[in-house]
Amino acid sequence: MSLAHFLLNSRGIVNLTLRANTLLKRFSFTPAKMESLLDCGIKMHQEFGLKLSLPVTAIILERYPKIIQKLQNNDVELAVHGYVHIDYAKLSKEKQLKHFIRAIKIFKKYGIKFHGFRAPYTRWNKDTFLAIQELAFLWESSKTVLWDVLNKYKSILPEKNWKAYKKVLKLYNPIDASAHPVLPEIKENFVEIPVSLPDDEIMTDRLNLSPETIQKVWKEILKITYERGELFTLQIHPERFKLLKKIIIEVVKDGKNYTPKIWIANLSEIAKWWREKSKFSAKIREVDNGNYKIVFNCSHRATILCRNVLPLQNQIEPWYNSYQRVIAPSNELQIQSKLRPVIGIGSNCSQTLKNFLEGEGYILEQGKKENYGIYFEDIKDFNEFEILKQIEKGDLPLIRFWRWPDGTRSCLSIAGDIDSLTLIDFFMRIFGK
Ligand SMILES: [Zn+2]
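Given the structure is predicted, the values throughout are model-derived calculations rather than measurements.

**Quick look at the overall build of the chain**
A tally of helices and strands in the chain yields 16 helices and 23 strands. Here the chain has a C-alpha radius of gyration of 24 Å; the compact-globule value for 433 residues is 22 Å, and the two agree. Overall, the C-alpha framework of the chain stretches about 75 × 50 × 40 Å when taken along its three principal axes. Across the 433 residues in the chain, those meeting the buried criterion constitute 42%.

**Digging into the sheet that holds strand S6 (residues 175–176)**
The 3 strands lie next to each other as S6-S5-S9, forming an open sheet whose pairing is parallel. Either end of the sheet is taken by a strand with one partner, and the two such strands are S6 and strand S9 (195–197). Taken together, the 3 bridges between strand S5 (residues 144–146) and S9 define a ladder with parallel strand orientation. The residue of S9 that forms the bridge with Val145 is Ser196.

**Some remarks on the nonpolar core**
Within the largest apolar cluster, 113 residues are counted, with the highest numbers of intra-cluster contacts made by Leu54, Leu78, Trp218, Ile270, Ile343, Ile399 and Cys411. Per-element tally for this core: the top contributor is helix H11 (residues 211–228), with 6 residues. Structurally, this core is a two-domain feature, drawing no fewer than three residues from each of domain 1 (3–258 + 418–430) and domain 2 (273–408). Excluding anything up to four places from it in sequence, Ile343 contacts Leu357, Tyr362, Ile363, Leu364, Tyr372, Ile374 and Phe376.

**Some words on unusual backbone geometry**
Pro198 follows Leu197 through a cis peptide bond whose omega is 5°. With respect to the helices, strands and loops of the structure, Pro198 is situated in the loop between S9 and helix H10 (200–206). With an omega dihedral of -10°, the bond running from Thr259 to Pro260 counts as a cis peptide bond. Relative to the assigned elements, Pro260 resides in the loop between helix H12 (245–255) and strand S11 (262–264). Of note in this structure, Asn308 is not a glycine but carries a positive phi near 55°. Note that Asn308 resides in the loop between strand S14 (304–307) and strand S15 (310–311).

**A closer look at the domain arrangement of the chain**
In terms of domains, the chain is made up of domain 1 (3–258 + 418–430) and domain 2 (273–408). Taken over C-alpha atoms, the centre of domain 1 sits 36 Å from the centre of domain 2. At the junction of the two partners, domain 1 supplies 7 residues and domain 2 supplies 5 residues. For the side of domain 1 that touches domain 2, a count of residues per class yields 5 nonpolar, 2 polar and no charged.

**Details of helix H7 (residues 93–109)**
With 17 residues, H7 ought to run about 24 Å at 1.5 Å a step, and its terminal C-alpha atoms sit 24 Å apart, in line with that. Listing the buried residues of H7 in full gives Gln96, Phe100 and Ala103. An end-on view of H7 places all buried positions within 55° of arc, on one side of the element. Away from its buried face, by an angle of more than 90 degrees, H7 presents the exposed residues Glu94, Lys108 and Lys109. Looking at the packing, one finds that the buried side of H7 touches helix H5 (58–63), strand S2 (77–80) and helix H8 (126–134). In the stretch just after H7, Gly111 is the one whose phi turns positive, near 65°.

**With respect to the sheet that holds strand S18 (residues 332–336)**
One open sheet accounts for 4 strands, arranged S12-S13-S18-S15; its pairing is antiparallel. Two strands lie at the open edges of the sheet, namely strand S12 (281–288) and S15, each paired on one side alone. Relative to strand S13 (residues 291–297), S12 runs antiparallel, the two being bridged by 7 bridges. Across the sheet, residue Asp288 finds its bridge partner in S13, namely Asn291.

**Regarding the pairing of strand S19 (residues 340–345)**
Taking burial as the measure, the 6 residues of S19 include 6 buried ones, the bulk of the element. Sheet topology places S19 next to strand S21 (residues 372–376); 4 bridges connect them, and they run parallel. Directly across from Ile343, in S21, lies its bridge partner Ile374. Handedness of the crossover joining S19 and strand S20 (residues 364–366) through helix H14 (residues 351–359): right-handed.

**Topic: the environment of Arg409**
Tracing the backbone through its elements, the reader meets Arg409 in the loop between strand S22 (398–401) and strand S23 (410–415). Classification of Arg409 by C-beta neighbours within 10 Å gives buried; the count is 22. Separated by 181 residues in the primary sequence, Arg409 and Arg228 place their C-alpha atoms 8.8 Å from one another. In this view, Arg409 contacts Tyr226, Gly229, Tyr258, Pro260, Lys261, Ile262, Tyr320 and Trp404; residues no more than four positions away in its chain are not counted.

**Remarks on the packing of helix H4 (residues 32–48) against H12**
Following both chains from N to C, one finds H4 and H12 inclined at 20°, their axes separated by 11 Å at the closest point. When the interaxial angle is binned, H4 and H12 end up roughly parallel. Considering how the two elements wind past one another, H4 and H12 form a crossing that is right-handed. Of H12, the residues touching H4 (which contributes Cys40, Met44 and Phe48) are Lys245, Ile248, Ile249 and Val252. Tallied by class, residues from the contact of H4 with H12 come to 6 nonpolar, no polar and 1 charged.

What counts, and at which threshold
Residues numbered from 1 in each chain as written. Predicted model: local features only at pLDDT ≥ 70, side-chain atom pairs only at ≥ 80, totals over all residues. Helix = DSSP H or I, 4+ residues; strand = E, 2+ residues; numbered from the N terminus. Rg over C-alpha atoms; globule rule 2.2 N^0.38 Å. Buried ≥ 20, exposed ≤ 12 C-beta atoms within 10 Å, placed from the backbone. Pairing = 2+ DSSP bridges. Core = buried A, V, L, I, M, F, W, Y, C linked by C-beta atoms within 7 Å. Domains from an automatic or database assignment. Contact = placed C-beta atoms within 7 Å. Nonpolar A, V, L, I, M, F, W, Y, C, P; charged D, E, K, R; others polar. Expected span 1.5 Å × (residues − 1). Arc of directions from axis to C-beta. Right-handed = clockwise from strand over helix to strand, strands pointing away. Axes fitted to C-alpha atoms, helices over the stretch in contact; angles between N-to-C directions. Parallel < 35°, antiparallel > 145°, perpendicular 65-115°, else oblique. Left-handed = near helix turned anticlockwise from the far one by under 90°.

Given below as structure tokens:
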């Protein structure tokens, strides 16, 4: 389905007129209404530590530089959201590059710092990534991932709402969150950060869910990502900041109640951490029979975990499940263990599996199978969750780096696009202006 087709059928001009009431509540002919919504975002960001990341189209920045600069002056992260709000999946690499370079020029002209990119409508093609690669963005966040948290509401929702939801899913084409761990991914030149669905737009405009239900849905995703130790990039558009303010605050407050903690970070902080973490390594040496010394090459933010080993001189604290966290000193660890507390691999272990395991923070060592509790030989095709289950289910001795910094268990990030500030912008957007 093309975007134009989608817009005309699903939220086309006729539909928009019918929704005029809703639109008038969010926008007016001047940017005053949206400015007060963005102020509400700044307030939440400052009072509740939301760490907002707001991608904005360059044309909006060009029209209202002062409003966007105010966000930056209040420590809100801004990112490039294309030059105009169009479907970049339809354009060639050359055309996309032209748009993005134009957008960057406008960001620079108005002194707006940016490290990341999100495609309008989260629509992209492989050329989008090639263009992003060339322009040296630190992060890209346009791939969507769908959490299975709405099916239980299907029976209580009007059929037309469910159909509208399914239609918008086709446009987003999300990855199923139950198929892969939902985490940032290092591409050649940038870090890809997935966006979680359902977002505010799906739950308000498509499904017409009550604020209470939206809160339940987001808290459920937060809980799942916490248990899985993954990333929840919650998407809320600024036009719904006031409508969903209480809910967002509740989700963040809920997030602060977990122990170990959830890392609340903006998208640049996540991308920088993911790069930092990718450079960590460790060496293990058997000092004498069953006594090991591990030397870590990592930053002070690394979360070092151990399981079923006896630390000799290190300070440790309980962490999550059977893991304990090494507190200090964390660049060296001396332990007693029945087996070598790292993952053993055979000489024929595939590079893909090695990359996956190292990306997950495991320490790998080539050696004899009998020395290790966990050992992988040649596996060509593997399911990431199955491998993780195999490693994590037992309580065999293990030392590893965790995914998130400073002892946190999972990560929450709140982001939302600034697409229009007035009703006129909203209608111009439909025509790609
Ligand atoms: Zn957008």
